[in-house]
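Spelled out from the first residue to the last, the chains are:
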Amino acid sequence: MDPECSRLLPALCAALADPRQPLADDTCLEKLLDWFKTVTEAESSLLLLQENPALVELLSHVLKSQDMSSRVLSFSLRLAGTFAAQEDCFLYLQQGELLLGLFGEGGPQCWAAWSVPTVRSGWIQGLRSLAQHPCALHFLADSGAVDTIFSLQGDPSLFVASAASQLLVHTLALSMQAGTTGCSGLWDGVWPACAQKIMGHLEESLQSTAAPQVTQALNVLTSTFGRCYSPWTETLWGQLCPLVARLLERTPIPAAHSLVDLLLSVARSPALSSSHGRLWEAVAQALRCLSPMQAGSLALGMLKLPHCPQALRVQAFGVLLQPLACVVKATAQAPGPPGCSMWPPGWLDGAEGSSLTVDTLLSSKSACVGILCQTLAQLEELQPLPQRPAPWPQEPLLGAAVTILRLCHGSATPSSSGGGRLCATLAGCVRVQRAALDFLGTLSQETRSQELEKEVFAVLSEYLGSPDSSPTVLKKAFQTTLRWLLSSPRTPGCPDLGPHPLLFLRELFPVLQKRLCSPSWEVRDSVLEFLTQLSRHWGGQADFRRALLASEVPTLTQQLLQDPESYVRASAVAAAGQLSSRGLQAAPDSPEHPQAQQGLLGELLCILSTDSEGFPRRAVVQVFTEWLRDGHADVARDTEWFIATVLQVVSQDLDWEVRVQGLELAQVFLVQRLGQPRCPYMVALPEAASATPVPEVLQSLCRLRLFDFAFRALLDCDRPVAQKACDLLLFLKDKTAMCSGLQEAGDIPGSASGQVTLQRWRAGEQDQLPRDLQPEAMLALLRSTDLEGLQARLAQSSDHMEKSPQSLLQDMLATVGALGENEADCY
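Residues numbered from 1 in each chain as written. Predicted model: local features only at pLDDT ≥ 70, side-chain atom pairs only at ≥ 80, totals over all residues. Heavy atoms only, no water.

## Comments concerning the packing of aromatic side chains
Move 1: The final tally for this structure, using the stated rule, is 15 aromatic pairs.
Move 2: Ring geometry for Trp114 and Trp123: centres 5.7 Å apart, planes at 85 degrees, overall edge-to-face. Comparing Trp114 with Trp123, the two get one shared label, buried.
Move 3: Here the aromatic rings of Phe457 and Trp484 are separated by 6.4 Å at their centres, their planes lie at 75 degrees, and the arrangement is edge-to-face. Remark: Trp484 occurs in helix H25 (residues 471-487) and Phe457 occurs in helix H24 (residues 450-465); sequence separation between them is 27 residues. The two residues Phe457 and Trp484 agree in class, both being buried.
Move 4: Grouping aromatic residues by their ring pairs yields a cluster made of Trp35, Phe36 and Phe83. (Phe/Tyr/Trp six-rings, centres within 6.5 Å; stacked < 30°, edge-to-face > 60°. Buried < 20%, exposed > 50% of the residue type's maximum accessible area, 1.4 Å probe, protein only. Helix = DSSP H or I, 4+ residues; strand = E, 2+ residues; numbered from the N terminus.)

## Let's talk about helix H4 (residues 53-64)
Move 1: Between its first and last C-alpha, H4 extends 17 Å over 12 residues, near the 16 Å set by a 1.5 Å rise per residue.
Move 2: Within the sequence span of H4, burial applies to Ala54, Leu55, Val56, Leu58, Leu59 and Val62.
Move 3: Of the surrounding secondary structure, the elements contacted by the buried residues of H4 are helix H1 (3-17), helix H2 (26-42), helix H3 (45-51), helix H5 (70-84), helix H6 (87-95) and helix H7 (98-103). (Expected span 1.5 Å × (residues − 1). Contact = heavy atoms within 4.5 Å.)

## Here we look at the confidence of the model for the protein chain
Move 1: Per-residue confidence for the protein chain gives a mean pLDDT of 83, with 83% of residues at or over 70.
Move 2: Predicted confidence for residues 682-690 stays below pLDDT 50, and this span has five contacts to residues more than four positions away or in other chains.
Move 3: A low-confidence stretch, residues 819-827 (pLDDT under 50), is modelled with 17 contacts involving residues beyond four sequence positions or located in other chains. (pLDDT = per-residue confidence, 0-100.)

## Description of the packing of helix H35 (residues 656-674) against helix H36 (residues 694-704)
Move 1: Taken N-terminus to C-terminus, the directions of H35 and H36 make an angle of 155 degrees; their axes are 10 Å apart at the nearest point. Judged by the inter-axis angle, H35 sits roughly antiparallel to H36. The crossing of H35 and H36 is right-handed. Residues Phe669, Leu670, Arg673 and Leu674 of H35 form the contact with H36, whose own contacting residues are Val694, Val697, Leu701 and Leu704. (Axes fitted to C-alpha atoms, helices over the stretch in contact; angles between N-to-C directions. Parallel < 35°, antiparallel > 145°, perpendicular 65-115°, else oblique. Left-handed = near helix turned anticlockwise from the far one by under 90°.)

## Quick notes on the nonpolar core
Soluble, globular proteins show a tendency: their nonpolar side chains are buried together.
Move 1: Membership of the largest hydrophobic core comes to 260 residues, with the highest contact counts inside it found for Met302 and Phe624.
Move 2: Beyond its immediate stretch of four places on either side in the chain, Met302 contacts Leu263, Leu264, Ala267, Trp280, Val283, Cys308, Leu312, Arg313 and Ala316. (Core = buried A, V, L, I, M, F, W, Y, C linked by side-chain atoms within 4.5 Å.)

## Overview of H36
Move 1: Among the residues of H36, Val694, Val697, Leu698, Ser700, Leu701, Cys702 and Leu704 are the ones counted as buried.
Move 2: Those residues of H36 hidden inside the fold are in contact with helix H34 (639-650), H35, helix H37 (706-714), helix H38 (719-735) and helix H40 (775-784).
Move 3: Once H36 finishes, Arg705 follows within two positions and takes phi at roughly 55 degrees, a positive value.

## Considering the pattern of salt bridges
Any two side chains of opposite charge can pair, on the condition that their charged atoms come close.
Move 1: Under the counting rule described, the total for this entry stands at 26 salt bridges.
Move 2: Residue Glu4 pairs with Arg7 through a salt bridge whose shortest N-O separation is 2.4 Å. Within this pair, Glu4 and its partner Arg7 are both found in helix H1, separated by three residues, close to a single helical turn.
Move 3: Given a relative accessible area of 22%, Glu4 falls into the partly exposed group. (Salt bridge = Lys/Arg side-chain N within 4 Å of Asp/Glu carboxyl O.)

## Quick look at unusual backbone geometry
Move 1: Cis geometry is adopted by the peptide bond preceding Pro252, which originates at Thr251 and carries an omega value of -5 degrees.
Move 2: Summarising the element assignment, Pro252 is placed in the loop between helix H14 (232-247) and helix H15 (256-268).
Move 3: In this structure, the amide linkage connecting Ala390 to the following residue, Pro391, adopts the cis form with an omega of 0 degrees.
Move 4: Mapped onto the secondary structure, Pro391 falls in the loop between helix H20 (365-382) and helix H21 (394-409).
Move 5: Despite not being glycine, Ala255 has its phi angle at roughly 50 degrees, a positive value.
Move 6: As for its position among the elements, Ala255 is in the loop between H14 and H15.
Move 7: The backbone of Arg705 sits at a positive phi, close to 55 degrees, despite the residue not being glycine.

As structure tokens, then:
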């Protein structure tokens, strides 16, 4: 420990022990504890206490004082555990019964401060730090601390209860580690004393009629099997498996969710390979006995396991399919929807016992919504996995998803009374609609028949055109539609859309026109986002272009650039920019119209310079960057004027994201002029000559005042802007390193004055770089700036500066007035 810190410790310990002194806040105490942990990791804790007796005095004072602050008491308990983590220091503290007083039965549990959750949490954390060696195990068993941990499992504070359970897991693992040798099991088949006590508690809790006690025991076991993979865990499961199986025989089953978590944890454990037979029996029993809501997560977990037996996989998949099968059965009409009634043979056999339960659940709205949302989400999660069941019932699942969507929309015509109740239950249910649309989008990746594809596009068309679709459901419908369009099979040798998607799009554009005029800004925004994606993927296809240009969608999109809602304006900017890139922009009514004379470029420049919200301005710069990359006609007509105009506006923008986007635009321009940056990990190859000679590029950069923009951004108060500017200037510095045709920096007449100019400008003594600086002077400034060092500094986090422990101690002492004036070092 630093000598100066040792000098300050006695005063600090005295201040902490004095209840009359104003206390340091929790942050300072946490920092102080972290510092002690760092010190004890590097040094001997015993030596630290011997050289600083004030620390032991502070811990001893805790035992004598009953009016100490709960924060300081909690800190002291954790500090004692940190020191006692080393065995020799543990023995040193135990000599004076200090540890027994802090963590034993007659310790803080008998004090008034024990009612504060912070103190109980500090006690647990102190024990957790202490329990690192065999001596600590004997202490836990003999001091009564384990019994206190048992009681704290039911603490009203969830944080305390969780910490107590985790401490039991750690103690059990430490005890078994100390009581086993090599790869063999237990010493003479006997559990170590501490482990035996914990095992007895777990067995008693599993047989309890109180659900909270069962839950606590199951949670401890779940964490144990999830974190410990030693051979002794197999013995543990063999001993407790019968008790777990008996829980499934109770009515109702206690702690069902915790029981599922335990079974999954055991199944995933690599240490229980030889005990899986009894496990699979328990899982199969659980899948039969648990309700569909409870069994769903267990079924999904089993299907994710690569080593799950086939019979159990069939049973688990049947549990997941049962709710959808019941929906289809309740709404099926003879002969039934195509492809919807043929589930794979045998998949539903394992769930026959739960069908009545599912029918009962579907008669209750909350239960019906919950089970359908859970089932759809679980099947969506299962679909892309390589270990999913085979054959995958693609067509039945598609039919079920379409049926559920029509039930929610009210367009289904069930023939049974059960189907009628389903219609009434699910009508307008946004939760189920969103879950079904997500699942339908996932199913787009699989092969399907043309008839079912037609059904899918029909139900999507219903949702997109219905005035009853909520904005959130409509957004999901657009996302699902895009996924189905992207995955739609195309005719070989023809890049255009297939017949069903093309017919769908022709019918869709009138719907989009109507939606673009919706009073809901969320709807207008969703339509514009969808239109942007459509144009990006199919803007070059003839059928799509004809259908789009025959509608009023391009005109309405441009009109929405003036929308009162900023989110909509930003989406309209992106959509209009994409349409313009594809040559699909709206044609003006008359050439004399101001908008026709100004053009989209002028309108976007106006938004960039005058819009009061940041979202549209950011979208404009992003569109301009895409235009520059793609060689848009309006940009290629006069690229230098375009770059100069945009950078002049962006440099004055108060939104840091707009300035970052402006630097990205400048980077794209430089790459086009000078070529891609060199990769340091590639073998050096002869570099192709850039399209424009470097001296000429530097001349243009001076005309565009790009240097001024980049160096100003380099000193920006927002770090992302400075980082981006530094990257840009480093790229330029690298590209001009071997520049021929220009004088070296040291040979430039007046280069020293140029560097002084830069220093003054950086210091704020002048507003901007002089306009008459030539490329040589700019190059000198670029080469004389330590950009590499600045890049390293910018990459550091905001708290990279070392916070001295001495400063921390001085600040804490200054808080309590124990230092003289001006002695505090406030960092």
